[in-house]
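Close look at the chain arrangement
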Amino acid sequence: MTLVTAGVVVLDCAEPEKLAEFYKELLGAEDVDAHVNRVEIRAADGFRLALRRDVNATAPSWPRPENSLQAHLEFVVDDLDAVERLIVGLGGRPMETDDASGPTGERGYADPAGHSFTIRRGTSTAPKQG
């Protein structure tokens, strides 16, 4: 018998309502639960993301070389350029400008609160280098 019924990724931020709007638009998600200090959304595929209020939250410093990336979100997409336009239009910003050519191209971004995430095309089979 499974005791855990769902997993939720939680991001700390100063304005959870505002950041939830960014991710709802990006993922085509809907509100699941909202309280004064937390907003939870769910995408059509079942992915759940919660944004938790932390008035002292600061943006991660990645990709600075002296700090390793601890965790990030990754989204699989069909059209990297179209999704990039959406991300930037919603207030996100590019963090990596490497060439994303090939079947598993990947690009890095920061959401409006500074959390890192990537979009990628296809299924990556090679381990990340570096």
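Residues numbered from 1 in each chain as written. Predicted model: local features only at pLDDT ≥ 70, side-chain atom pairs only at ≥ 80, totals over all residues. Heavy atoms only, no water.

Details of the packing of helix 1 (residues 16-27) against helix 2 (residues 80-89)
Applied cut-off: Interaxial angle, 0 to 180 degrees, is taken between N-to-C directions of lines fitted to C-alpha atoms, where a helix line uses only the stretch in contact. Only DSSP runs of H or I with at least four residues qualify as helices, and only runs of E with at least two residues qualify as strands; both kinds are numbered from the N terminus onward. Geometric relationships in this document are graded by angle, where less than 35 degrees denotes roughly parallel, more than 145 denotes roughly antiparallel, 65 to 115 denotes roughly perpendicular, and other angles denote oblique. Put simply, a crossing is left-handed when the front helix is turned counterclockwise from the back one by less than a right angle, and right-handed when it is turned clockwise. Contact definition: two residues touch when any of their heavy atoms are within 4.5 Å. Note that Gly is not counted as nonpolar here; it falls among the polar residues with everything else outside the nonpolar set of Ala, Val, Leu, Ile, Met, Phe, Trp, Tyr, Cys and Pro and the charged set of Asp, Glu, Lys and Arg.
Contact geometry for helix 1 and helix 2: axes closest at 10 Å, N-to-C directions at 160 degrees. Classified by the angle between their axes, helix 1 and helix 2 sit roughly antiparallel to one another. In this structure, helix 1 crosses over helix 2, and the sense of that crossing is right-handed. Across the interface between the two elements, F22, E25 and L26 of helix 1 pack against V83, L86 and I87 of helix 2. Split by residue class, the contact of helix 1 with helix 2 holds five nonpolar, no polar and one charged.

Considerations on the pairing of strand 5 (residues 73-77)
Looking along a regular strand, one sees side chains alternate from face to face of the sheet. Our working rule: Remark: exposure states derive from per-residue accessible area (1.4 Å probe, protein chains only) relative to the maximum for the residue type, with buried under 20%, exposed over 50%, and partly exposed in between. Here, a strand pair is defined by DSSP locating no fewer than two bridges between the strands.
Only one face of strand 5 is buried: it carries L73, F75 and V77, and the other face, with E74 and V76, is open. As paired elements, strand 5 and strand 8 (residues 116-121) share five bridges and run parallel to each other. Of the residues in strand 8, the one forming a bridge with V77 is R121.

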